[in-house]
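# Structural description and commentary
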Amino acid sequence: MWKAIIVDDEKPALQLMSKLLSEQADLSVVGKFIRPDEALEQVVALEPDLAFLDIEMPGMSGLELASHLVDRLPQLEIIFVTAYKDYALEAFRVHALDYLLKPVGSAEIASSWERVRRRLGHDKTSVETVKVASSTCFGRFEVFGPRSNDPVHFSTAKVEELMAFMLVHRDIKMSKWEISEQLWPGSDPDKAEQNLHTAIYRLKKSIVEHAIDIQLEVERGTYRLSGNLICDFNVFERTIERQSGLDGLSLDETEKLFALYRGPLFGNKDYLWSQSIKERVKRHFSLLGRGLAYAYLEAGSGSSAKETLQKLIELDFCDEESFELLLETYAHFKERASFIQYFERYERMLEEELGLKVKPRMLELRNQVMND
C-alpha cells in the first residue's frame, strides 16, 4: 500500500482530493494539511511515498515546499495540483512525477495514479526502505539515527558541539590540540585535553546507542569523522567543491542547493569557531539566490524570481542587494502595492540596522513607481 499526503490551503479542495485519492487502489491518505509548515513538521514521522501539493499557497509556495519535503525525505515523490498551467516548467525542475490542473475529478486522478504507478515501476509491497542517519545544520542543528524520528539527545552541550565541529570538518584529520583550542578556548591545555577525551567517549557512546553508521577514528593524536550520514552542510560544500565554485553549478544544482538553506548554520547555537563559516555560507546562499532570481527573470518566470528573493530577505533581513533586486522586479512588473510594502521595510532596515540612507537610484525608482 502506497502512502500519500495532501497539502492545499483551501479546505474544500483538500477534502475533495482526499476523497478522490482514497478511491484509488493501493493508495492510502495518511496526512492532510492546510498549512505547509505543518506538513514539514510531520513528513518524517508519516513517511509518505507521495505528496500531492497545491502550488499557490500563502507564506510558502508548493514549489518551495516540495524542495523542503524532499530534503527531509529524499525518496518522496511529488505531484502538483494547481489551477495555474504556467508553473509546469518550475514543477518539473523539482522532478515532479505529475502535474494536474484544477478542477480535477475521478477520471483525472485515476489516470494520474496509473501513470505514477507505471513510472515508479514496482509494487510497494516489494520495496524495503533503507533508512540512514541524517543531520540538519541549516536553520538548526539536529542529528537523527536510522531507528527513530526523534533527534539524538546528546549527554551534554559540549558533546553536541563536538559532533557539529566534526561534521563541518568531516573526513579531515583534526589534531587534538586544534579541537581543544576551538572548543575550549583559553583553557589550560591539560584540562582541555581531558575534556576532549571525555567528550569523545560520550560522543562515541551516543553513536553506538543510536545505531549511527559513522566512525570517529583516532590515530596518533588526530581525530577523523567518516561514514554514512546525510548532512545538508556536507552536500552543500561538496557540490560547490566538485564544480569548482558557484559559477560551475547548473541551474538544477543551484535550485537544489538553494532549497537546502533554511536559516543560519546551526541556527541559534553560537559556536565561536563556526562564525566565519556561518558568514561564508550565508554569503554563498545570497549569491545563489540572486543568481536564481536573474535566471528566472530571463526565463520569464517573475513569480519564481520574487519568491526566491522574498526567501532571501526573510532569512536575512539585512540583505541589501536582495531587497534592491526585489524592488526592481516589482517595479518592472508594475506591482505598486508590493513595491511600497517592501520599500518601507527596506528603508527601515537601512536606517535601523545599518545606519544608512536609501541610495539615490532607489529613491529615483520609488518616484517612478509612485508617478506611474
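Residues numbered from 1 in each chain as written. Predicted model: local features only at pLDDT ≥ 70, side-chain atom pairs only at ≥ 80, totals over all residues. Heavy atoms only, no water.

On to the side chain of Asn234, then. Along the chain, the position of Asn234 falls in helix 9 (residues 232-242). Of the polar contacts made by the side chain of Asn234, one reaches the backbone oxygen of Leu167; its length is 3.1 Å. (Helix = DSSP H or I, 4+ residues; strand = E, 2+ residues; numbered from the N terminus. Polar contact = N/O pair within 3.5 Å; in protein donor to acceptor, adjacent residues only side chain to side chain.)

Even without a glycine there, the phi angle at Asp171 is positive, about 65 degrees. Among the secondary structure elements, Asp171 is positioned in the loop between helix 6 (157-168) and strand 8 (174-175). In this structure, Arg220 is a non-glycine residue whose phi angle is positive, near 50 degrees. Residue placement: Arg220 occurs in the loop between strand 9 (214-219) and strand 10 (222-227). For Arg220, a relative accessible area of 83% corresponds to the exposed category. (Buried < 20%, exposed > 50% of the residue type's maximum accessible area, 1.4 Å probe, protein only.)

Turning next to the pattern of salt bridges. Under the definition given, this model contains 24 salt bridges. For the salt bridge of Glu193 with Lys176, the shortest nitrogen-to-oxygen distance reads 2.8 Å. Pair noted here: Glu193 is in helix 8 (residues 189-209) and Lys176 is in helix 7 (residues 176-183), with a separation of 17 residues, a long-range link. Taken as a pair, Glu193 and Lys176 share a single burial class, namely buried. In this structure, Arg290 and Glu321 form a salt bridge, with 3.8 Å as the shortest nitrogen-oxygen distance. In this pair, Arg290 is assigned in helix 11 (residues 275-298) and Glu321 in helix 13 (residues 320-332), connecting sequence segments 31 residues apart. (Salt bridge = Lys/Arg side-chain N within 4 Å of Asp/Glu carboxyl O.)

A few words now on the environment of Leu265. Position of Leu265 relative to the elements: it lies in the loop between helix 10 (251-260) and helix 11. Here Leu265 falls in the buried class, since its relative accessible area comes to 1%. For Leu265 and Leu327, which are 62 residues apart along the polypeptide, the C-alpha to C-alpha distance reads 27 Å. Once residues within four sequence positions are removed from consideration, Leu265 is found in contact with Cys137, Phe138, Phe233, Ile277 and Lys278. (Contact = heavy atoms within 4.5 Å.)

This paragraph deals with the sheet that holds strand 11 (residues 229-231). As summarised here, the arrangement of the three strands in space is 7-6-11, forming an open sheet in which the pairing is mixed. The outermost strands of the open sheet, each flanked by one partner alone, are strand 7 (142-144) and strand 11. The sheet shows a mean angle of 15 degrees between the axes of neighbouring strands, taken without regard to direction. Of the pairings in the sheet, the one linking strand 6 (residues 133-136) to strand 11 comprises three bridges and is parallel in character. The residue bridging Ala133 from the neighbouring strand is Leu229, located in strand 11. (Pairing = 2+ DSSP bridges. Axes fitted to C-alpha atoms, helices over the stretch in contact; angles between N-to-C directions.)

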